[in-house]
Amino acid sequence: MDIPHLAHHLFVLIFLIFLFNTAATQSSNFEDSNEPFRICKYERFAEVQRECSSFLSSTSKLKLEKEKVYYETATELSFVNGDWVQEAGGAPLMPFDDSDMPKNFSSPGSLLKLVSFWLMGIDFSHQLENAIYICGYLSIAITRDRTLSNRPETWSPLFFKRPGTSELRIPFEGFYMESEENEGERLMCLLGTSIPPFSEGSSDPINWSMPYRSGCNQQSSLSLDDRIMLVLRYPKRCTLTNRAIYGEMKSLNENSNPNYFDRVYMSSQLGYNSKYLFGSEMVSSKAPDLYPDQHELVDNGVKFKGLQFCKAFLKFEGEKFDIVENSRCDGKGENCNNLDPFVLGNGVKAVNGIPPKFRLMMNNLHCVPEDDLNEPETAKASATFRAFSSPENWLTAGGRTGLSGMTISAEGTWNSSSGQFCMVGCVGLTKTGSDGCNSRVCLHFPATFSITQRSIISGTISSLQKRDSYSPLLFRKVLHRLDLWNSYYVYSNSYLSYKYSKIESASILLKRNEFTLGTIMKKSFLKYSSVEDTNNITSVSHLSDDLSFGAYALPDPLPNNRPPKTYVWLEVLSLGSLFGRYWPDWSDSYQTADIKLLNNSDSTKQNHQFLNVSAYLTLTGESYDHISLLFLEGLYNPLDGKIFFVGCRDAPVFHESIVNNPSLENRMDCLIEVKVEYSSRTIRWLINPTAQVSISSQRNDEDPLYFRPIILKTDLIPYRDNSKDIMIRRNFEVVLRILVLLASTACMLSQLLYIQKKANVIPFISLTMFGVQALCFGFPLLTGTAILFKWKEFEGHMNHPYPRKTMWFQVLDSIVKSLLLVAFVLSLRLFQKIRKSRLRLLAKKPLNVNQNPSDIPVFLSSWTIHMVGFLTLLIIDNKKSENGVRTKNYYYQPPEWVTDLGEYMGLVQDLFLLPQIIGNIIWKKTQVKPLTEAYYIGFTALRLLIRAYDYVRDPVLRFYYHEKDIKLCSELFSKSEEILIMAILVVLAITVGLQQRWNFNRGTKVSTSVDLDSTSQELLFSKYKA
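Within each chain, residues carry numbers counting from 1 in the order of the written sequence. Where local features are concerned, this predicted model is filtered to residues with pLDDT of at least 70; where side-chain atom pairs are given and counted, the filter is 80 or more; whole-chain, interface and lining totals use all residues. Side-chain measures were taken over the full set of non-hydrogen atoms in the model, leaving aside hydrogen atoms and water.

**Comments concerning the pairing of strand β28 (residues 710–714)**
Part 1 of the reasoning: Residues Ile710, Leu712 and Thr714 line the buried face of β28, whereas the alternating positions Ile711 and Lys713 sit on a face that is not buried.
Part 2 of the reasoning: For two strands to be treated as a pair, DSSP must find no fewer than two bridges joining them. In this text, helices come from DSSP runs of H or I with a minimum length of four residues, and strands from runs of E with a minimum of two, each type numbered from the N-terminal end. Relative to β28, strand β20 (residues 549–555) runs antiparallel, the two being bridged by 3 bridges. When the bridges of β28 are listed, Leu554 appears paired with Lys713.
Part 3 of the reasoning: In terms of strand pairing, strand β27 (residues 691–697) meets β28 through 4 bridges, oriented antiparallel. Three labels apply to residues, based on accessible area from a 1.4 Å probe with only protein chains included: buried if under 20% of the type maximum, exposed if over 50%, partly exposed otherwise in between.

Shown next as structure tokens:
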């Protein structure tokens, strides 16, 4: 064989070896990925067979393929966050530490008993004719407002306890069997090993975890309890009345054994992976009575086809519903005190119809359209409704799977002709043939929105029985603006429209306030958020974003007791003919839906100057419970930035006179005026946007629905993009710095010219004053800190730097630094002239303090005052940081004391006249005007200008980034402190003026008296000589 052929064969051989190794590695990786199925020990086969013999004798022959076990049975037989209860026999399963809970905390849902089970592995080597050997892991806990953790990856017993949580994890092994009893049943009989929860040190994993996991022979400090039996029963088919998973865990120990515990009963349900079988006999038998009268429906609803209904229905998986007041509640309590058909338990009774305390959640949805070639009109669907209390987290409620008196399982058939979807509902653990399926659950999908109809879906739960019936329970899902953006964007654009009905009333309110003096001034000089073309849906959507806001607010004016802030949230639902939101970058199908909505939207013909608006207004806090949610409709005037709304709220049910009030519309109080005033866009670069919300009732004071007027002023409202405003402020501030430095140079030049003409005033000018000014001008040049004033911004711990400055700003920065250098040189020149003048006077003798004043006491006094002031401000600043009033940024910043020193240098410059005042006091017989008015008044005016600008301007936000929860400012001085500093500036300038005027006038009088004395002496001498 020649060498080329040999090389070819070697190459092929190497390639095949490489492929084999790769395949082996992939197979090894695949086996590793299924490690949870192989972590079990399988050490108790004989013991399990003995304890479970009664179950093995009654089961049928089992045929189970290996692949089905791994990928289907394992998921179907595992469940999470089911419920459990225990017999009250005096032997609890585990202890619980409630030290973190208030003593009077007894609300339902405050304490949860949850259980999860995972099938972890299958041992086919021990397979019997009617059973296979399996292992599983049980996690059972008492928790407060949290669900259990995910599937474990270990095979160790565990118990841990901390305040608010106790959890016991038990590994089990046993048999999986199937039986024909109860319409087909799957069963597990398992034995487990646990840590005795009441043993000393049982909650410390160090005492038991490592010896058990490693398989060492050394004796653990804790004895394990391996006498625990768990029996789980699963239905073979998932139907309306046969979906529950039942479990029972008991101790095989004697009652006297310390490890004994009373029986534990568990419940869950087959999950989403299980195939749901429709066509329950219960539904068929009660179908004629399902659909009630439709006179109370707001409209005919969305007419879904079968497939469309399933797509829309499944969108509501995990959705939360608000329970509204009972429609038959008359305020007397006869129909207002129950949450029927739900069973609250624990003796909990409802108050005022329950709505503020309970909500509903809909999950475990299944839907199948009818099989028909001609676009089916019907579909079959099922759901589980869970009632949960306000203290319980909705995420926790959504994760629970147990069936109890707080759950309703429902199934029904959708028919597009009816406009609503009604189901037969079964409360709790209802079995076939029982009487628990006597509830009717009806869902309505409105197609039209209005001020009194804001629900994307509404429903009722009522009784199918004429006897022992209960008042219908009403619930709804109010559509919020974020829902239109996230969950129901396509749904709303495809099926929903808005109908304005209060525009005429809002127009009257607008005209009443249109021709005020303030409105005319605003229209003349200020601009507000607006849109040039109302047919441009992108621009209208952006305007809708600008008008929506969420911010904290305080009453205006602020009362003396200073109430806590309330959160105000205004959501614009529709603007003009645009319903919801529009994003042009989304797919073409979404854009088509938007255009269709615009063409089909039912909106009144609006004035070209005003825009129709519908919105929600939400207020938090106990003071505003009576108007916590308002539905609004009105007109927006873009010329003065005001929206005049007519508001509606759900009428509170607490008195018969309110329930029967003829002025209510659809059980809503709509005699409410709301005005929202926005700040101008023109000054947004200087003052951050805010809003003022005014709410008033149009009713008489005697009306039970009347409430006092409310006026709220919000904090900063973050907006979409502030980059343009930041650029405007940067330009303005750099120009302001240039102008201030030019004016400062002119002031010092005027003083320089003044002392050249009047050299006799030089010794009485404070050397410390110009030394401080030279230091203040030179400090930014040496340290690189801000010149004159710093950039004012909100700071957070994760802020990012601004984009790099452009060439334009670099040139302006160079000009500012050059002018600062000129001011520094001039201040040094003045300092030098004063010092030389003092040195020349020292050569003349005799001299006293009035002839050659000394600056040493002036310097020591000024230094002492400023050191005390700086240390005081550091202490105050540290307290502000501890109390969360001021932030400390730890990124790309100098040390905090350096930053504070830089800001304090500005205060030292503000108090530049302080050394001169001290010198005038020490040098008592000063008879000249050391400072020209152009200097000290001009410098005072410049410092006032800087402080006034710092007082007026608000901190800016970062580019495209907004702090929503905490907005803290890095400024050393608050606004009230800024006012105090400006007042001190004025006082210092007035003091210097008065001192100079008094000293100069006194010097003039002294010189005049001296001249008169010499003249009189000459006259007397001449007279004597004559």
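**Topic: the state of the cysteines**
Part 1 of the reasoning: Whenever a pair of cysteine sulfur atoms sits within 2.5 Å, that pair is classed as a disulfide. All chains considered together, the criterion is met by 5 disulfides.
Part 2 of the reasoning: The disulfide partner of Cys426 is Cys437, and the gap between their sulfur atoms is 1.9 Å. Where Cys426 bonds to Cys437 through sulfur, the torsion about that S-S bond is close to 110°, and the disulfide is right-handed. On the criterion of sequence distance, the pair formed by Cys426 in strand β14 (residues 420–427) and Cys437 in the loop between β14 and β15 (439–444) is long-range, its members being 11 residues apart.
Part 3 of the reasoning: The exposure class assigned to Cys437 is buried, which follows from its relative accessible area of 0%.

**With respect to the nonpolar core**
Part 1 of the reasoning: Side-chain atoms within 4.5 Å link the members of a nonpolar core, which is a set of buried Ala, Val, Leu, Ile, Met, Phe, Trp, Tyr and Cys residues. Phe309, Phe313, Phe385, Leu443, Phe445 and Leu479 are the most contacted members of the largest nonpolar core, which totals 64 residues.
Part 2 of the reasoning: By the convention used here, residues are in contact when the closest approach between their heavy atoms is within 4.5 Å. For Leu443, the contacting residues outside a window of four places in its chain are Phe313, Met362, Phe385, Gln420, Phe421, Met423, Ile457, Ser458, Gly459 and Phe475.
Part 3 of the reasoning: Membership of the second largest hydrophobic core comes to 61 residues, among which are Leu788, Leu830, Leu913 and Leu942.

**Quick look at a nonpolar patch on the surface**
Part 1 of the reasoning: Together, Ile856, Phe859, Leu860, Trp863, Met867 and Leu871 give the surface a local cluster of nonpolar side chains, amounting to about 620 Å² of exposed area.
Part 2 of the reasoning: Mapped onto the elements, Phe859 comes out in helix α19 (residues 856–882).
Part 3 of the reasoning: The exposure class of Phe859 is partly exposed, given its relative accessible area of 46%. Each patch is built from residues lacking any salt bridge and having more than 30% relative accessible area; the joining distance is 9 Å for like charges and 5 Å for nonpolar side chains (Val, Leu, Ile, Met, Phe, Trp, Tyr). To be clear on the numbers: accessible area is Shrake-Rupley with a 1.4 Å probe, and residue cover counts the displayed protein chains and nothing else. The term salt bridge refers to a side-chain nitrogen of Lys or Arg lying within 4 Å of a carboxyl oxygen of Asp or Glu.

**Comments concerning the sheet that holds strand β18 (residues 473–478)**
Note on sheets: strands pair through backbone hydrogen bonds, and any given pair is parallel or antiparallel.
Part 1 of the reasoning: Read once around its circumference, the closed barrel built from 8 strands follows the order β10-β11-β12-β13-β14-β15-β17-β18, with strand pairing classed as antiparallel. Each adjacent strand pair in this sheet contributes to an overall mean axis angle of 30°, direction not counted.
Part 2 of the reasoning: Note: β14 against β15, 6 bridges, orientation antiparallel. Its bridge partner being in β15, Met423 is matched across the sheet by Val441. Axis geometry follows a simple rule: fit a line to the C-alpha atoms, using only the stretch in contact for helices, then measure angles between N-to-C directions, giving values from 0 to 180 degrees.

**Notes on the packing of helix α17 (residues 767–783) against helix α18 (residues 807–842)**
Part 1 of the reasoning: Look at α17 against α18: their axes get within 9 Å of each other, and the N-to-C directions meet at 155°. By the angle between their axes, α17 is roughly antiparallel relative to α18. Here the hand of the crossing between α17 and α18 comes out left-handed. For the pair α17 and α18, the contacting residues are Leu767, Phe770, Gly771, Gln773, Ala774, Phe777, Gly778, Pro780 and Leu781 in the first and Lys817, Leu820, Leu821, Ala823, Phe824, Ser827, Leu828, Leu830, Phe831, Ile834, Arg835 and Arg838 in the second.
Part 2 of the reasoning: Residues are grouped as follows: Ala, Val, Leu, Ile, Met, Phe, Trp, Tyr, Cys and Pro are nonpolar; Asp, Glu, Lys and Arg are charged; every other residue, Gly included, is polar. Classifying every residue of the contact of α17 with α18 by side-chain character gives 14 nonpolar, 4 polar and 3 charged. Each angle receives one of four descriptions, namely roughly parallel if under 35 degrees, roughly antiparallel if over 145, roughly perpendicular if within 65 to 115, and oblique otherwise. Handedness of each helix crossing follows the sense of rotation of the near helix against the far helix: counterclockwise by less than a right angle gives left-handed, clockwise gives right-handed.

**With respect to the confidence of the model for the chain**
In regions of low pLDDT, the predicted coordinates are not meant to be interpreted in detail.
Part 1 of the reasoning: Every residue carries a pLDDT, the predictor's confidence in it, which falls somewhere between 0 and 100. Scored by pLDDT, the chain comes out at a mean of 78, with 74% of its residues at no less than 70.
Part 2 of the reasoning: Ranking the elements of the chain by mean pLDDT puts helix α5 (residues 209–214) last, at 39, and β27 first, at 95.
Part 3 of the reasoning: A low-confidence stretch, residues 960–968 (pLDDT under 50), is modelled with 21 contacts involving residues beyond four sequence positions or located in other chains.

**Description of the packing of aromatic side chains**
The geometry of an aromatic ring pair is captured by two quantities: the separation of the ring centres and the angle between the planes.
Part 1 of the reasoning: In this scheme Phe, Tyr and Trp rings, the latter by its six-membered ring, pair at centre separations within 6.5 Å, and the angle between planes marks the pair as stacked below 30 degrees, edge-to-face above 60, and tilted otherwise. Scanning the model with the defined rule gives 38 aromatic pairs in all.
Part 2 of the reasoning: For the ring pair Trp685 and Phe732, a centre distance of 5.0 Å and an interplane angle of 55° mean the geometry is tilted. Of the two residues, Trp685 is situated in the loop between β26 (668–678) and β27 and Phe732 in helix α16 (residues 723–757); the sequence distance between them amounts to 47 residues.
Part 3 of the reasoning: Taken together through their ring pairs, the aromatic side chains of Phe304, Phe309, Phe313, Phe316, Trp414, Phe421, Phe445, Tyr488, Tyr491 and Tyr495 make up a single cluster.

**Comments concerning unusual backbone geometry**
Part 1 of the reasoning: Of the consecutive residues Asp340 and Pro341, the connecting peptide bond is found in the cis state with omega at 5°.
Part 2 of the reasoning: Among the structural elements, Pro341 can be located in the loop between β10 (319–323) and β11 (358–369).
Part 3 of the reasoning: Cis geometry marks the peptide bond from Asp556 to Pro557; its omega dihedral reads 0°.
Part 4 of the reasoning: Structurally, Pro557 can be placed in the loop between β20 and β21 (566–575).
Part 5 of the reasoning: In this model, Asn666 sits at a positive phi of 55°, which is unusual for a non-glycine residue.

**Side note on the pattern of salt bridges**
Working definition: two side chains of opposite charge can pair if their charged atoms are close together.
Part 1 of the reasoning: Going through the model one piece at a time under the given rule, you end up with 27 salt bridges.
Part 2 of the reasoning: Between Asp669 and Arg699 there is a salt bridge, with its nearest N and O atoms 2.8 Å apart. With a gap of 30 residues between them, Asp669 in strand β26 and Arg699 in the loop between β27 and β28 connect regions that are remote in the sequence.
Part 3 of the reasoning: Residue classification places Asp669 among the buried positions, given a relative accessible area of 0%.
Part 4 of the reasoning: Asp910 is the salt-bridge partner of Arg943, the closest N and O atoms lying 2.5 Å from each other. Residue Arg943 is located in helix α22 (residues 933–952), and its partner Asp910 is located in helix α20 (residues 896–910); the two are separated by 33 residues in the primary sequence.
Part 5 of the reasoning: A relative accessible area of 3% places Arg943 in the buried class.

**A few points about the environment of Leu290**
Part 1 of the reasoning: Tracing the sequence through the fold places Leu290 in the loop between α6 (281–286) and α7 (306–314).
Part 2 of the reasoning: Of the residues examined, Leu290 reaches a relative accessible area of 3% and is grouped as buried.
Part 3 of the reasoning: Distance in space between the C-alpha atoms of Leu290 and Gly412 is 8.9 Å, their sequence separation being 122 residues.
Part 4 of the reasoning: The contact partners of Leu290, leaving out residues within four places of it in the chain, are Cys422, Met423, Val424, Arg440, Cys442 and Leu464.

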